Structures are given as structure tokens and as C-alpha cells.
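Listed below are the residues making up each chain.
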Amino acid sequence: MHISDGILDPKICIGGYVLAACLVGIALKKVKQEDITKVSVVGAAFFVSSLIHFKVGFSSVHLTLIGLVGIVLGVHSSLAIITGLFFQAVMFNHGGLSTLGVNSVLFSVPALIVYGIFDMVFKRIMNHTVLGVIAGILAGGAVLLAILCVMFILYFSGEELRGFAYLFSISNGVLALVEGIVTAIAIMQILNVKPQMLQSYRQQVK
Amino acid sequence: MDLDNYSNIKSPIHSWDARWKCITFFGYILISAFVNNFYNLIVIAAASTLLVFFAGLPIRKVLKSLKPLFILLLFMVPVISLTPTGDAIFSYGVIKVYRDGLITAGIISVRAFSIVLATIVLFGSTRINIIIKALEFFKIPPVISTIFLFTYRYIFLYIENLNKLLTSAKLRGYRLLRGIRHIRNTVSILVSLLIRSYEQSERVYYAMRLRGFSGSFRSIGSFSFKWPDIVKTGIFVILFTVIIWIELL
Amino acid sequence: MSSQIVLKVNKLCFSYPDKKNVLTDISFEMNGGERIALIGPNGSGKTTLFLLLCGILSPASGGIAVNGKDIKPNQFNTDISYMFQSPDDQLFTATVFDDVAFGPINEGLPEGEVKDRVKSALERVKCHELIDKSPHHLSGGEKRMVALATILSMHPEIMLLDEPTSDLDLLNRRNIITLFASLQKTMIISSHDLEFLLETCNRALIIDNGKIVEDGNIVDLLSDEGLMKSHHMEKPHSLYPHTHKRAIPGAPRDH
């Protein structure tokens, strides 16, 4: 679910890079020494997890895991996202270097929103199932938000791209549903086995 | 997929100083994204193809790397050219192919090919740690370059781990699962990968601290550029000027 | 080899937040050049002891001193270094060179000396030809040897080694035994490979349930069948003279 090279106007590409640099700047202010390994090593695992295929009916989808990245890495998630997208572009040629900035913003902002809301909920609710379901809804919403933004950008990039914009959103709509279910189950499992993994849990323990 | 495999080839692209090469390629990629003129499209398509040729990368590997782009275009080109805008140049029953759409699809395809080829050449001819060091030279924050390096290292480890987990799951009938049970089992695999990575990140941090890690990765060795580097970059600067000039005409 | 005390551990206690009394009252001393085998069943606290000794974890009470100086947690200390059980924790950069150079660079050594140290460390482990490779292209055995080089390049006085033979084939295992014999270093080695420890170490500490239960000559301790059994271990085969123990009763004898 990335925007590939060649589609976007260079102004949008450069604008994307500027916004991405701002997000990275904010994350860098909050990064501590021990977070560097966490972001890189856990980020690598997220990258690899997004290679897993999920069977949906006759087709299969790749996950983006933006919601889960947000909940696990919190404010640092934009660092992991930009790194992941960079390697996706250079190792697998998904997305692209010219659109790296735009794609990073489109993934990071929903991830940060999910983290913000989940963190507030986490302070009030203890029940793992409820937390999982909320995380799932948030993650599905995050993907929908990203899809809407991509559609918006494509729609206004040129009259000819409108048909593509619609098809893109419809074909990725299923992804939002799958991501929601996957994130819900994943959060329930993590809460049972290793709650320390969640940024909100770590902050509460502190 | 493994970026290091082609970095030992001897070619004028491989011997290009990484700093000059990176800045030239990033410039080239951005300018390619900006091209609209018919002649310029031919120029960037030719330039990217020549880059592949000069770098001496195996053609089969390059084609394989282009596969995701082919698949995307296969879907995108028909959709864009069938979107009703302006005049139709071809029609068959209800299906109409529109001129503007076809042109846009063509422009997008050529740009995308040129950019992806340039990316393949850049990363196929330079080791990732050298590229990251070159980026540091251009003042990207050291924390970012450190994260890039470590992520790259652990991606390969986790691909291996994931394959092991999937194999052991398949041996226990994972393939036969359908519906929600399939999703639940796949999520279990994913979560166990993530938990392992979280635990490993703690040990890696200890290992780094024991060897004096203080927030960023330092390496030794310095870049040196020779006159061929200036010539190579110079050729591209001329190319950029011509492209921009034609675009503005 | 000096015989003065280089490591002194005094009444060390440690608990994790979710697990109490992981280590209790650990005390021992070590002379320069001595090699201690740290043995005990899984979960007995060996790795925790290592993490305390090298200053990663801070003890609840008690103290550790290297050459008379107290080890302060979280401080970079080149006197004592630790090799992790998994080489994948130890090798975290993009090339073998960068990994072996990581410690010396952080020590602030000049470039020439860093290169010399990398070269000699890799030569010691017979892996010099791997210098430009990426860690993910190495085999399990090569990873282990390079991980060892990352420690050697820092010229530590005391080496703590956690399961150093676990992913080695017989040839590399033999190489490591020869290498350890040639190093003039103080070592604590934890391993389940008791035959390896018998060849490498002169003293053994048996640790069980977070306590040191025995401390003495390695051959004496390991040949005590009752003692070994009571701590869920087996007396090594090489210490049974002229007998060939068979795991399966009735299996044909081959000589």
C-alpha cells in the first residue's frame, strides 16, 4: 500500500520529505540511547512481519502493521517506519526513493494517532480483550486514514488518476479489515505474554 | 534482494566515490520524477539503461527487481487510460481508451522505470554501510544512520527466523487452516517473531554498551575522490541542465 | 602468568523484579591467568552472574572488584568483557571489520591501532579472510569465531564466555580449545560441554539455585558422580577409565 515512483508531482515528493524530516526531528528529541536498538531491532522484525501473506478469500494481502508499530514503539515509530520503507524501496522495490518522504508521512501520522489514543485508553482499561479490540479498531482506522490520504493525493494529482484513486481505495479496503483483526489478536497475545513490549506499559511501570 | 551481492563487480559506477555517487543519484531520481517532455523521457530512459549497462549488473537480477513495478503498471496503465478525460482515441463497445490517460500512463511508466533502475544501480553498486556513511557526510543525524545500519543487519536474521517459524508451523498443518484460525495462527507466528526481537534488542543493547556504545555508531576510514569522480558527476550535471532547460522551453 | 588476585566477588545478591533471589551470597576470588568453569543446570543463574560481573546489571548487595577497583554498573570497562551466548547479539553492524573495530574505536584509539587490533584479533581466530563480509553471510561457526574476535580486539584482562562452543563443529571446537590454551587471559567459561571445560579450565564452580555449591579442582568435582547427579548433571565419559558407557542397554559394542 505504498505510492510508487513516477506517479507524484515532484513538489509533493519534496513536501513529503520536508514533513517526514519534521516528524523524524520530533522523534529524535525523545530518543534515548536504549531506544536506538529497540527501534532498529524491533523495527527489523516489523519489516519482516510485513512480508507475511494473509489469505483473504482467493487473494492474499501484505500487512502494513502501522497500528501495531505505533502501539509498540510509540513516539519513536516514525523512525522505524521511515527506515522500514527505505529498505522496502531499495531491497524489494516496493514504494520508491522519490516517494519515501510522502509514504513515511502517510504511515507515521496514523501510527502516532493510534499510539496517542491507545495510550489514553490503556490508563483506564485493564481488560486484555477490550484493549485488544480497541487496538484493532484503531489499527483498522489508521489504515483507512492512510488509504484516504493516498486517495486524496492521487485524486488531486490529475484528472486521469481519479479512476486509479478509486480502485486503489477499494482494493485496499479489505486490508483495513484484516489489519484490524490481526492487530486485535496480536495485542491480546502481547498483553498476555510480554506486556513490557508496549510503550504505554513501559511508561506506566516507570 | 541481498544488496551486498553485487558490490564486488569492477565497473566505473562501482568505483565512483560514494558521496558523489549518492548526491548525483538522488538528484537524478528527483529530476526524473519531474520530467514531462517527450524527448526528456527518452533521455532518462536511455540514461538509466546505460547506468545498468555500465554498472555491469546481471540483467536477470535487474529484471527480477523490476517485477513489482511491472505488476503495478500492468494494473495501473489500463485503469488510467480507461479513465474518462478529454478525447477517446480508441473505442470498442463500451470500452474507450482516452488520449490524456494514455499519455499520463506512459509518462508515469517511463519515470518509474528510470527511477527504479537508478535505485537498483545505486544500491547494487555500493555497500549499504558505505552509502550510510556517505549520508552521514551529508549531515543526516547519526542516530538515523545508526538505526539504518542495525535495522539492515537484523532484517536478514529475522527473515531467517521467520522462515524457520513458518516451516515448523507448516510441519504441524498450518497450510490447511482456513479463515479466522489461519489468521490467529499467523498472528502467533508474527507475535513470537516480535517478542524475540524485543528480547534480542535488549541483549544487543547490552552487548553494545559493553563495547563502549555511546549513542551513535562510529566507523573509521575516509572517502577519497579522484578526477574521474568529478567527470562522472559532471556528466550528470550537464544532463540535469539539459533536461531542465528542455522542460522549461 | 601472575598469581595475584584479579577478580574478587564478595557476597553478591541479585533479584529480578519478577523473580526473587536469582543469586544469593556469591563469593569467590580469582587469580590472574586462572580459568574457571562455571557449571550448573539451566536457569541456575550463570548468565545473570556474568551480566553482574561485567557491570550490565547492578547487584542488590555485595561487590565486585577487578584489580582492586570496584566495578560500577553502566560504565565502559575494557578490563572485563563478556561474550554473549548467541553471536547474533554480539555482531550488530554491517561488516565483520566494523564489528571487531567497534570496541577499539569507542576506546578512542587512533585509526592505525584500531586496524592493527582488528587484524590481529581476526588472525587469532583464523578468520582474517572474512574481514569484509557481512555478519549475515557467515555460517554459525564463523559467527562464533568473529564474535570472539570482537572481544579479543579490546584486549580484556578477564573474559567471560557464555556457551562458547554451542554452535561449533568438531574442528572449530578444537580450534577454540587450542586458542584458549594459547591466550594468557583470565577466563570464566560457562558451558554444558563438560569435556570442553575439562580441557580448558583448571577450576570449577558449581552453581545451583543461585548459590555456589562447590568450588574446587575441575577434575575432582566432575569425577564425583554423586555430586554431579545431585545437581542434574552427568559425570563426563572421559573420566570413566576404560569403560564405554552406552546410552542404550544391549546396543552392540564396537570393540
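Below is a short write-up of the structure. (Residues numbered from 1 in each chain as written. Chains lettered and ligands numbered in written order. Predicted model: local features only at pLDDT ≥ 70, side-chain atom pairs only at ≥ 80, totals over all residues. Heavy atoms only, no water.)

**Notes on the overall build of chain B**
Counting its regular elements, chain B contains 8 helices and 2 strands. Start at the N end of chain B and walk to the C end: the helices and strands fall as α-α-α-β-β-α-α-α-α-α. Whereas a compact globule of 249 residues would reach a radius of gyration of roughly 18 Å, chain B reaches 23 Å, over 25% beyond that. Seen along its three principal axes, the alpha-carbon backbone of chain B occupies a region of about 65 × 60 × 30 Å. Classification of the 249 residues of chain B by burial places 52% in the buried group. Within chain B, contacts between residues separated by at least 24 positions form 74% of all contacts whose residues are at least 6 apart in sequence. Here chain B has roughly 12000 Å² of accessible surface; of this, 68% comes from carbon and sulfur atoms. Of the charged side chains in chain B, 28 are positive and 11 negative; the average position of the first set lies 9 Å away from that of the second. (Helix = DSSP H or I, 4+ residues; strand = E, 2+ residues; numbered from the N terminus. Rg over C-alpha atoms; globule rule 2.2 N^0.38 Å. Buried < 20%, exposed > 50% of the residue type's maximum accessible area, 1.4 Å probe, protein only. Contact = heavy atoms within 4.5 Å. Areas by Shrake-Rupley, 256 points an atom, 1.4 Å probe, with all protein chains shown as cover. Lys, Arg positive; Asp, Glu negative; His and termini not counted. Charge placed at Lys NZ, Arg CZ, Asp CG, Glu CD.)

**Details of the sheet that holds strand S6 (residues 80-83) of chain C**
Residue and element names in this part refer to chain C. Pairing in this open sheet of 6 strands is mixed, and the strands run S6-S7-S8-S3-S9-S10 from one edge to the other. A single partner strand is all that each edge strand has here, and the edge strands are S6 and strand S10 (211-217). Adjacent strand axes in the sheet meet at a mean angle of 15°, parallel and antiparallel pairs treated alike. Judged from the 4 bridges that link them, S6 and strand S7 (residues 158-162) form a sheet pairing that is parallel. Paired with Tyr82 across the bridge in S7 is Leu160. (Pairing = 2+ DSSP bridges. Axes fitted to C-alpha atoms, helices over the stretch in contact; angles between N-to-C directions.)

**Quick look at the environment of Gly226 of chain C**
Residues and elements named next belong to chain C. With respect to the helices, strands and loops of the structure, Gly226 is situated in helix H9 (residues 225-230). With a relative accessible area of 48%, Gly226 lands in the partly exposed category. Separated by 112 residues in the primary sequence, Gly226 and Val114 have C-alpha atoms spaced 50 Å apart.

**A few points about the interface of chain C and chain B**
On the chain B side, the residues contacting the 36 residues of chain C number 28 residues. On the chain C side of the interface with chain B, the three residues burying the most area are Asp89, Phe92 and His136 of chain C, jointly 22% of the side's total. The interface formed by chain C and chain B includes 3 salt bridges. The salt bridge involving Asp89 of chain C is made with Arg203 of chain B; its shortest N-O contact spans 2.5 Å. Each residue belonging to the side of chain C that touches chain B can be placed in one class, and the counts come to 16 nonpolar, 11 polar and 9 charged. (Buried area = accessible area lost by both parts, 1.4 Å probe. Salt bridge = Lys/Arg side-chain N within 4 Å of Asp/Glu carboxyl O. Nonpolar A, V, L, I, M, F, W, Y, C, P; charged D, E, K, R; others polar.)

**Points about the pattern of salt bridges**
Applying the stated criterion to the full structure yields 18 salt bridges over all chains. Salt-bridge contacts for Arg211 of chain B lead to Asp99 of chain C; the nearest nitrogen and oxygen are separated by 3.3 Å. You can see Arg211 of chain B sitting in the loop between helix H7 (179-210) and helix H8 (227-248) and its partner Asp99 of chain C sitting in helix H3 (residues 96-106), one on each of two chains. Accessibility assignment for this pair places Arg211 of chain B and Asp99 of chain C in one class, buried. Bridged by salt links that share partners, the residues Arg153 of chain B together with Asp88 and Lys143 of chain C form one connected network.

**Some thoughts on the interface of chain B and chain A**
Across the contact, 70 residues belong to chain B and 61 residues belong to chain A. Taken together, both faces of the contact between chain B and chain A bury some 6100 Å²; the carbon and sulfur share is 81%. At the junction of chain B and chain A, the tally comes to 1 salt bridge. Glu199 of chain B is paired through a salt bridge with Lys194 of chain A; the nearest N and O atoms lie 3.2 Å apart. Seen at the junction of chain B and chain A, the total is 8 residue pairs in polar contact (both at pLDDT 80 or more). Every element with two or more residues in the side of chain B that touches chain A is listed here: helix H1 (18-34), helix H3 (59-82), helix H4 (99-125), helix H6 (142-171) and H7 of chain B. Among the elements that line the side of chain B that touches chain A, the one with the most residues is H7 of chain B, at 21 residues. Counted by class, the side of chain B that touches chain A contains 47 nonpolar, 16 polar and 7 charged residues. (Polar contact = N/O pair within 3.5 Å; in protein donor to acceptor, adjacent residues only side chain to side chain.)

**Points about the sheet that holds strand S4 (residues 61-66) of chain C**
All names here are of chain C. Pairing within the open sheet is antiparallel, and its 4 strands lie in the order S2-S1-S4-S5. Since the sheet does not close on itself, it has two edges, and those belong to strand S2 (19-31) and strand S5 (69-70), each with one partner. Where strand S1 (residues 5-16) and S2 come together, 7 bridges link them in antiparallel fashion. Bridging from a neighbouring strand, Lys8 pairs with Glu29 of S2.

**Digging into the packing of helix H5 (residues 140-152) of chain C against helix H6 (residues 170-182) of chain C**
All names here are of chain C. Packing of H5 against H6 leaves a shortest axis separation of 11 Å and a crossing angle of 15°. In terms of their interaxial angle, H5 and H6 are classed as roughly parallel. As for the relative orientation of H5 and H6, their crossing is right-handed in sense. Every residue of H6 that contacts H5 at Gly141, Met145 and Leu148 is listed here: Asn172, Asn175, Ile176, Leu179 and Phe180. For the contact of H5 with H6, the residue count by class is 5 nonpolar, 3 polar and no charged. (Parallel < 35°, antiparallel > 145°, perpendicular 65-115°, else oblique. Left-handed = near helix turned anticlockwise from the far one by under 90°.)

**Focus: the pairing of S4 of chain C**
Residues and elements named next belong to chain C. Here S1 pairs with S4 via 5 bridges, running antiparallel. Bridging from a neighbouring strand, Cys13 pairs with Ser61 of S4. Judged from the 2 bridges that link them, S4 and S5 form a sheet pairing that is antiparallel. The residue bridging Ala65 from the neighbouring strand is Asp70, located in S5. Where S4 folds back on S5, the antiparallel hairpin that results is connected by 2 residues, among which Asn67 adopts a positive phi of roughly 50°.

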